[in-house]
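Observations on the three-dimensional arrangement
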Amino acid sequence: MKIDKLFDVRGHVVFVTGAASGLGFGMAEVMADNGATVMMTDVDADGLAKAAASLRERGLAVEEAVVDVADLPALTAAIDDTAARHGRLDVAFANAGISAGPGYGTEKGQMNAVSLDDWNRVVHINLTSIFETIRAAAAHMKRQKSGRIVITSSIAGVGSEHMVGYAYAATKAAVNNLVRQASQELAAYNVMVNSIAPGPFRTNIGNGRLNDPEVVKQFAEIVPLGRLAEVDEIKGLALLLASPASSFITGTVIPIDGGATA
Ligand SMILES: NC(=O)c1ccc[n+]([C@@H]2O[C@H](COP(=O)([O-])OP(=O)(O)OC[C@H]3O[C@@H](n4cnc5c(N)ncnc54)[C@H](O)[C@@H]3O)[C@@H](O)[C@H]2O)c1
């Protein structure tokens with residue numbers, strides 16, 4: 001089979017959370033660049049407007065809606081609306097997520113410094129909202145008996161990671177098992193559910209924490225390739241998991257980490 005059939009997502013309807021920046025923007029861009037219609041959603045209205053405009057100016061088929069994934073009814077309504085207007089939903093990227101601050105490697109990230117309010121906020125956005133995204137997308141995909149759901153997890157959900165906060169590590173591990181669980185229920189409907197587990201990528205996560213050269217140096221040290229990844233480097237795996245090329249891949253957690261978990 002030739003490349004244009006293997007990775008053909010032309011005309012696919014795609015929903016992305018956290019699409020204004022970083023990995024979500026990369027996912028939206030690669031899908032739109034390859035002919036999909038992409039609904040970009042984010043809580044950051046200004047960032048979203050700029051991000052969507054930058055793709056639309058290139059003639060790509062993108063739409064946008066301000067959606068806070070923490071608002072579960074609004075999240076479900078946005079997914080339902082996208083599916084209703086296009087008559088289908090082919091791919092959902094449950095990508096939006098937030099940092100829980102530094103990890104146990106510094107005093108500020110050690111367990112006694114963790115506030116339960118912060119813990120609950122991270123659990124709600126990084127875990128509960130991901131479940132709700134899967135559930136809302138699956139309702140449409142089950143009906144049409146096809147679909148792809150791709151979660152953005154982290155290598156911090158695969159093993160311990162001294163640079164990230166407790167709630168982050170716990171929620172990223174939880175979504176990896178959520179993906180395995182959902183993949184079993186949804187396999188009967190030809191809906192694939194997979195998790196991308198990135199190592200450090202240069203994005204705006206953690207209020208620009210990755211602009212700090214010391215933080216970048218520490219993250220680079222855990223990566224055998226010796227550097228952080230750029231956003232463009234998520235695109236190949238995102239396209240693979242959304243395209244016909246991955247028709248027999250479901251229930252997996254795929255690291256993309258420069259060898260960090262090897
Ligand atoms: N950058 C990394 O090194 C890295 C590594 C592993 C996993 N991840 C994961 O990748 C995903 C994307 O993060 P990123 O690194 O691209 O960060 P980013 O901050 O550049 O992008 C995240 C986007 O999500 C949006 N967002 C945040 N809270 C939201 C909410 N409540 N509702 C809707 N949108 C919301 C932000 O406005 C932002 O546009 C996250 O799930 C993150 O945990 C990132």
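Up top is the structure.
Overview of the structure. (Residues numbered from 1 in each chain as written. Predicted model: local features only at pLDDT ≥ 70, side-chain atom pairs only at ≥ 80, totals over all residues. Heavy atoms only, no water.)

The next thing to look at is the site of the ligand. Close to the ligand lie 28 residues; Ser 21, Asp 42, Tyr 168, Phe 201 and Thr 203 are nearest. Side-chain polar atom of Asp 42 to an oxygen atom of the ligand: 2.6 Å apart, as the coordinates give it. A distance of 2.9 Å separates a nitrogen atom of the ligand from a polar backbone atom of Val 69. Against a free-state accessible area of 830 Å², the protein chains account for coverage of 91% of the ligand. Looking at the shell around the ligand, the elements that each hand over two or more residues are helix H2 (22-33) and helix H6 (166-186). (Near = heavy atom within 4 Å. Polar contact = N/O pair within 3.5 Å; in protein donor to acceptor, adjacent residues only side chain to side chain. Areas by Shrake-Rupley, 256 points an atom, 1.4 Å probe, with all protein chains shown as cover. Helix = DSSP H or I, 4+ residues; strand = E, 2+ residues; numbered from the N terminus.)

The subject of this paragraph is the side chain of Thr 133. Checked against the element boundaries, Thr 133 lands in helix H5 (residues 116-144). Among the polar contacts made by the side chain of Thr 133, one reaches the main-chain carbonyl oxygen of Ser 129 at a distance of 2.6 Å. Sequence-distant contacts of Thr 133, defined by excluding residues within four places in its chain, comprise Thr 17, Leu 75, Ile 79 and Ala 94. (Contact = heavy atoms within 4.5 Å.)

Glancing now at helix H9 (residues 235-242). Counted residue by residue, H9 has six buried out of eight residues, so it is predominantly covered. Among all positions in H9, only Lys 235, Leu 237, Ala 238, Leu 239, Leu 241 and Ala 242 are buried. Considering only its buried residues, H9 is in contact with H2, strand E4 (91-94), strand E5 (147-152), strand E6 (191-198) and strand E7 (253-256). (Buried < 20%, exposed > 50% of the residue type's maximum accessible area, 1.4 Å probe, protein only.)

Let's shift gears to the environment of Gly 26. If you trace the backbone, Gly 26 turns up in helix H2. By relative accessible area, Gly 26 is classed as buried at 0%. It is 9.7 Å that separates the C-alpha atoms of Gly 26 and Glu 230, two residues lying 204 residues apart in sequence. Here Gly 26 is in contact with Val 231, Ile 234 and Lys 235, once residues within four sequence places are set aside.

With that out of the way, let us pick up the packing of helix H4 (residues 72-86) against H5. It is at 9 Å that the axes of H4 and H5 come closest, and there the two elements cross at 30°. What the angle tells us is that H4 and H5 run roughly parallel. The element H4 and its partner H5 pack so that their crossing is right-handed. Residues Leu 72, Leu 75, Thr 76, Ile 79, Asp 80 and Ala 83 of H4 pack against His 124, Thr 128, Ser 129, Glu 132, Thr 133, Ala 136, Ala 137 and His 140 of H5. (Axes fitted to C-alpha atoms, helices over the stretch in contact; angles between N-to-C directions. Parallel < 35°, antiparallel > 145°, perpendicular 65-115°, else oblique. Left-handed = near helix turned anticlockwise from the far one by under 90°.)

Within the largest apolar cluster, 34 residues are counted, with the highest numbers of intra-cluster contacts made by Val 14, Met 31, Val 38, Met 40, Phe 93 and Ile 196. Sorting the residues of this core by element identifies strand E1 (13-17), H2, strand E2 (37-42), helix H3 (45-56), E4 and H9 as the ones contributing at least two each. Discounting chain neighbours no more than four positions away, the residues touching Ile 196 are Met 27, Val 150, Ile 151, Thr 152, Ser 153, Ser 154, Ile 234, Leu 237, Ala 238, Leu 241, Ile 254 and Ile 256. Of all hydrophobic cores here, the second largest spans 29 residues; its members include Leu 75, Ile 125, Ala 182 and Leu 186. (Core = buried A, V, L, I, M, F, W, Y, C linked by side-chain atoms within 4.5 Å.)

The next subject is a nonpolar patch on the surface. A cluster of nonpolar residues, Tyr 104, Met 111, Val 114 and Tyr 166, forms a patch on the protein surface that exposes about 360 Å² of accessible area. By the secondary structure assignment, Tyr 104 is in the loop between E4 and H5. A relative accessible area of 36% places Tyr 104 in the partly exposed class. (Patch = residues over 30% accessible without salt bridge, like charges linked within 9 Å, V, L, I, M, F, W, Y side chains within 5 Å. Salt bridge = Lys/Arg side-chain N within 4 Å of Asp/Glu carboxyl O.)

If the charged atoms of two oppositely charged side chains come close together, the side chains can form a pair. With the rule as written, the count across this model stands at 14 salt bridges. Put simply, Glu 132 and Arg 135 hold a salt bridge, and the shortest N to O gap is 2.8 Å. Here Arg 135 and Glu 132 lie together in helix H5, a separation of three residues that amounts to about one turn. With a relative accessible area of 47%, Arg 135 lands in the partly exposed category.

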